[in-house]
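Geometric and topological summary
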Amino acid sequence: MTNFEWGSKLNVLPYGMLYLMSALLLGTAVIYQPVIAIGIVFLIILLGVSISRPDLISYFVLLTTAISINFLYDGSLFGVEILSLYKLGILMLLVPCILVNGLRFRLSYPLWAMVILVCITFGFSIWLPQMSSSIAIKAFIGLSLPFVFLLINWKKEVAERHIRMICLLPVVSVLAGVLLQLVHLHSLLDVEFTGAVRIQGANIPAHLAMLAFMGVAIPFIEIKRNPQRARFFYIVLALNFFILVGTGTRGPILALSLMVLYYFYDILRQYVKGKTKYLIPLVCSIVLIFAAVYSQLDNLEKRSFQRSTDTGVDLSGRAEAWEYFLNKVADSPWSGRGLGAVTVANDGTLYKGFVVPHNEYIRFYFDGGYIGSILLLLSLLAVFILVYKALAPPVKPFYLLFIAAFLIYSFSDNTLSTVQSIIPFCWYLNCLYRSSQPTDSPQKEVIR
């Protein structure tokens, strides 16, 4: 045997040993920890795909937001709670996407606001006794991660696909809920103590409502922006509207009211101008709304019960929660109680479902005070304005009403801190901005 052949064998030997040791470790794990072993293998496959086909893995990551992981598996893995592990996992999977497509910092204002918020936390906030540094760092990472999705410089055709996928997330959630129901892992429907039956898919009703909110609002914009795909967006709009009403969540329905009214005004105006083709979507929209509301009348009556509280008559307990959290931060109004403090503020006085106040303005006021909350709001407004400037004039009114609906919705739910709301929201804003650019920007630069 020649020296060359021996050298080749010696070069291959370390790789062979690595594969052998990996196989032995996985084989042992399968015997003692089969769930973890399957998870590791699945993660290895995903990492491989993310490196070879980064755009393909971005579709997978986006689809995972249709499922509330933390409500399907109530526990931790490797000592880390499942939701934090999920956020870390999607960031790892998107690293190749970032390396291939690059980052653009035009929409990075909320990230810098979060950096200042964490500085305020450690420098000026008056902490609650149960607050800790680890809670602050964990909150910073969890709340900042969605804003990374504002930065990825997607190709225009990929961004357009992402927009269509975001519109399909509520349907994906319902289909996943059907599969989970069949294997007895999660119920497709949620039956409340009032007797109301609510659709929840692979989520809880509130999270599915967040997905459906996006799935209803975005098609209004896209029908105007991409009339050549109007049929697709009309179909998903109808499906998502039925899902939204089926969740029995009133907040997003009320928030979308202005957008729906303007849609009717715009379509009626086009019809009056002689464009008779708009009569069909006008009539279908009216029939759709009446059918959806009629089908949910019984549930709406059951959920609109009244209960007596110390503050008067309340429909959901939010008034009590808002008063409780506002009183807790009264001693530190300018710098708040520290990032993440709101998650440990409920000492059991409130209903356990109010881990946070279900009002994002109070939430960030509690964590960052006047300074932090106003700074974060201004950073979001800067992003909204940049996207607005990139849009064509006919699209701008629908976009403004979408942003207004999101801000109204934020008064009654956790829109900036729930995966099913903030990740699709930031993802869409970035894709809308990218798709509205006249040309593709260079894709091979890591940072721009």
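Below is a short write-up of the structure. (Residues numbered from 1 in each chain as written. Predicted model: local features only at pLDDT ≥ 70, side-chain atom pairs only at ≥ 80, totals over all residues. Heavy atoms only, no water.)

This next bit is on helix α5 (residues 82-101). Taking 1.5 Å per residue as the helical rise, α5 with its 20 residues ought to reach 28 Å, and the 28 Å between its terminal C-alpha atoms agrees with that figure. Taking the largest bend as the criterion, α5 deviates by roughly 35 degrees, centred on leucine 94, and proline proline 96 comes between one and four positions later. Within the sequence span of α5, burial applies to Ile82, Tyr86, Lys87, Ile90, Leu93, Leu94, Pro96, Cys97, Ile98 and Asn101. Remark: glycine 102 follows α5 within two positions and exhibits a positive phi of approximately 85 degrees. (Helix = DSSP H or I, 4+ residues; strand = E, 2+ residues; numbered from the N terminus. Expected span 1.5 Å × (residues − 1). Bend = angle between axes of the 7 residues up to and from the residue. Buried < 20%, exposed > 50% of the residue type's maximum accessible area, 1.4 Å probe, protein only.)

Inspection of the entire model under this criterion finds 2 cavities of 30 Å³ or more. Taken as a whole, the second largest cavity encloses approximately 40 Å³ of empty space. Lining the second largest cavity are Lys87, Gly142, Leu143, Pro146, Leu416, Ser417, Thr418, Val419 and Ile422. Breaking the lining of the second largest cavity down by element, the ones donating at least two residues are α7 (133-148) and α18 (419-435). Tallying contributions element by element places α7 first for the lining of the second largest cavity, with 3 residues. Here the residues of the lining of the second largest cavity sort into 5 nonpolar, 3 polar and 1 charged. (1 Å grid on protein atoms, 1.4 Å probe; cavity = no way out; pocket = protein on both sides within 12 Å on 5 of 7 lines; lining within 4 Å. Points joined across faces, edges and corners; volume = space filled by probe spheres on them. Nonpolar A, V, L, I, M, F, W, Y, C, P; charged D, E, K, R; others polar.)

Another point: the pattern of salt bridges. Applying the stated criterion across every chain, the model contains 6 salt bridges. Here aspartate 331 ties to arginine 337 by a salt bridge, and the two come within 3.8 Å at their closest N and O atoms. Taking the relative accessible area as the measure of exposure, arginine 337 reaches 7% and is therefore buried. Residues participating in the shared-partner salt-bridge network are Glu160, Glu222 and Arg225. (Salt bridge = Lys/Arg side-chain N within 4 Å of Asp/Glu carboxyl O.)

Another aspect to go through is a nonpolar patch on the surface. A cluster of nonpolar side chains, namely Trp334, Tyr370, Ile371, Ile374, Leu377, Leu378, Leu381 and Ile385, defines an oily patch on the protein surface of about 760 Å² accessible area. In this structure, isoleucine 371 sits in helix α16 (residues 360-390). Overall, isoleucine 371 belongs to the partly exposed group, its relative accessible area being 46%. (Patch = residues over 30% accessible without salt bridge, like charges linked within 9 Å, V, L, I, M, F, W, Y side chains within 5 Å. Areas by Shrake-Rupley, 256 points an atom, 1.4 Å probe, with all protein chains shown as cover.)

All chains considered together, the criterion is met by 20 aromatic pairs. Judged by centre distance (4.9 Å) and plane angle (10 degrees), the rings of phenylalanine 149 and tryptophan 427 are stacked. With phenylalanine 149 in the loop between α7 and α8 (156-182) and tryptophan 427 in helix α18, this pair connects stretches of sequence that are 278 residues apart. Phenylalanine 149 sits in the buried class, given a relative accessible area of 2%. Assessed through its relative accessible area of 0%, tryptophan 427 is described here as buried. Seen from their ring centres, phenylalanine 220 and tyrosine 263 are 5.0 Å apart, and the 50 degrees between their planes marks the pair as tilted. (Phe/Tyr/Trp six-rings, centres within 6.5 Å; stacked < 30°, edge-to-face > 60°.)

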